[in-house]
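So the chains spell out like this:
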Amino acid sequence: MTIRVAVFGSRGRMGAQAVRAVENADDLELVAAVDAGDERSAVTDAKAEVVIDFTHPDAVMDNLRFAVDAGLHAVVGTTGFSEERLTTLRGWLADRPELGVLIAPNFALGAVLAMRFAQQAARFYDSAEVIELHHNRKADAPSGTAAHTARLIGQARADAGVAPGPDATSSELPGARGASVGDVRVHSVRLPGLVAHEEILFGGEGETLTIRHDSLDRASFMPGVLLGVRSVRTRPGLTVGLEHVLDL
Ligand SMILES: NC(=O)C1=CN([C@@H]2O[C@H](COP(=O)(O)OP(=O)(O)OC[C@H]3O[C@@H](n4cnc5c(N)ncnc54)[C@H](OP(=O)(O)O)[C@@H]3O)[C@@H](O)[C@H]2O)C=CC1
Ligand SMILES: O=C(O)C1=N[C@H](C(=O)O)C[C@H](O)C1
């Protein structure tokens, strides 16, 4: 039996790739493609089982409310998930315990590995900064991946009892030291020509460690998206991060 899949954000950069990836997969069937201005009911009319969302941080919560109410599993790449949003979503899912929602800040294998490596390194370094570099059409800053990475580093350091290292900056132009996500500074670069890139820098006594990942093409996200679609129906509740599906 094929899995019946719908895509929200189907005419966007990522949604269009997801449409093609689903159409090209023998075990999946694209039954609805919905973009801004289209009727979401196309998804229920077509009896979709799983919805993929690559829309906008301002749109994704409404789409998820719709999906949960309609009894659809969801695979979400859209960014903008605060702790508050995740709590809201868990509340909705408590009423539909059979449903699975996978939210992945990044579906590229290398990005997921980079985050895991950063998490592993974090307790050995009290100083860490994240630089993310993206195309200039990106709506949000910092990237969801960078924010997630910073939170993972902060959590790993807190778990190990490592306090953030000192920083002597006493005079700065606003923004020069980036944004703070927890106790980690995150810097955002936007340039045409880029796709999606992240560097995680650690500094210690006489050494630095740099972990870097580059998505050079949006094709890099598709194996992770398809893995999410194939696994979400058997993962009830909320899963945040593809690392859990990959069992890293
Ligand atoms: N997790 C991951 O691996 C990745 C995540 N992303 C994230 O995915 C999201 C989308 O990125 P990208 O594809 O580049 O963005 P785009 O702007 O190219 O695409 C978003 C699409 O969604 C449409 N849209 C907006 N609101 C709705 C809605 N309510 N219902 C259906 N469609 C809607 C937009 O239409 P319109 O333009 O008319 O508003 C647009 O066509 C971002 O949050 C981005 O950060 C991106 C890459 C990888
Ligand atoms: O908008 C993008 O392009 C990307 N968004 C995600 C993010 O904000 O982390 C994932 C990837 O970096 C590409």
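Overview of the structure. (Residues numbered from 1 in each chain as written. Chains lettered and ligands numbered in written order. Predicted model: local features only at pLDDT ≥ 70, side-chain atom pairs only at ≥ 80, totals over all residues. Heavy atoms only, no water.)

So, the site of ligand 2
Reasoning step 1: Surrounding ligand 2, one finds Thr79, Pro105, Asn106, His134, His135, Lys138, Ser143, Gly144, Thr145, Ala196 and Phe221.
Reasoning step 2: In the environment of ligand 2, an oxygen atom lies 2.6 Å from a nitrogen or oxygen atom belonging to the side chain of His134.
Reasoning step 3: Lys138 has a polar side-chain atom sitting 2.7 Å from an oxygen atom of ligand 2.
Reasoning step 4: With the chains in place, 85% of the 320 Å² that ligand 2 exposes on its own is no longer accessible.
Reasoning step 5: The site holding ligand 2 turns out to be the largest pocket. (Near = heavy atom within 4 Å. Polar contact = N/O pair within 3.5 Å; in protein donor to acceptor, adjacent residues only side chain to side chain. Areas by Shrake-Rupley, 256 points an atom, 1.4 Å probe, with all protein chains shown as cover. 1 Å grid on protein atoms, 1.4 Å probe; cavity = no way out; pocket = protein on both sides within 12 Å on 5 of 7 lines; lining within 4 Å. Sits in = over half its atoms within 2 Å of the grid points.)

Observations regarding the packing of aromatic side chains
Reasoning step 1: One pass over the full model with this rule turns up three aromatic pairs.
Reasoning step 2: Ring geometry for Phe8 versus Phe66: centroids 6.2 Å apart, planes at 65°, classification edge-to-face. Of this pair, Phe8 sits in strand S1 (residues 3-8) while Phe66 sits in helix H3 (residues 60-69), and the two are 58 residues apart along the sequence.
Reasoning step 3: With a centroid separation of 5.3 Å and 35° between ring planes, the pair formed by Tyr125 and Phe202 is classed as tilted. In this pair, Tyr125 sits in the loop between helix H5 (109-122) and strand S6 (127-134) while Phe202 sits in strand S9 (residues 196-204), placing the two residues 77 residues apart along the sequence. Each member of the pair Tyr125 and Phe202 is classed as buried. (Phe/Tyr/Trp six-rings, centres within 6.5 Å; stacked < 30°, edge-to-face > 60°. Helix = DSSP H or I, 4+ residues; strand = E, 2+ residues; numbered from the N terminus. Buried < 20%, exposed > 50% of the residue type's maximum accessible area, 1.4 Å probe, protein only.)

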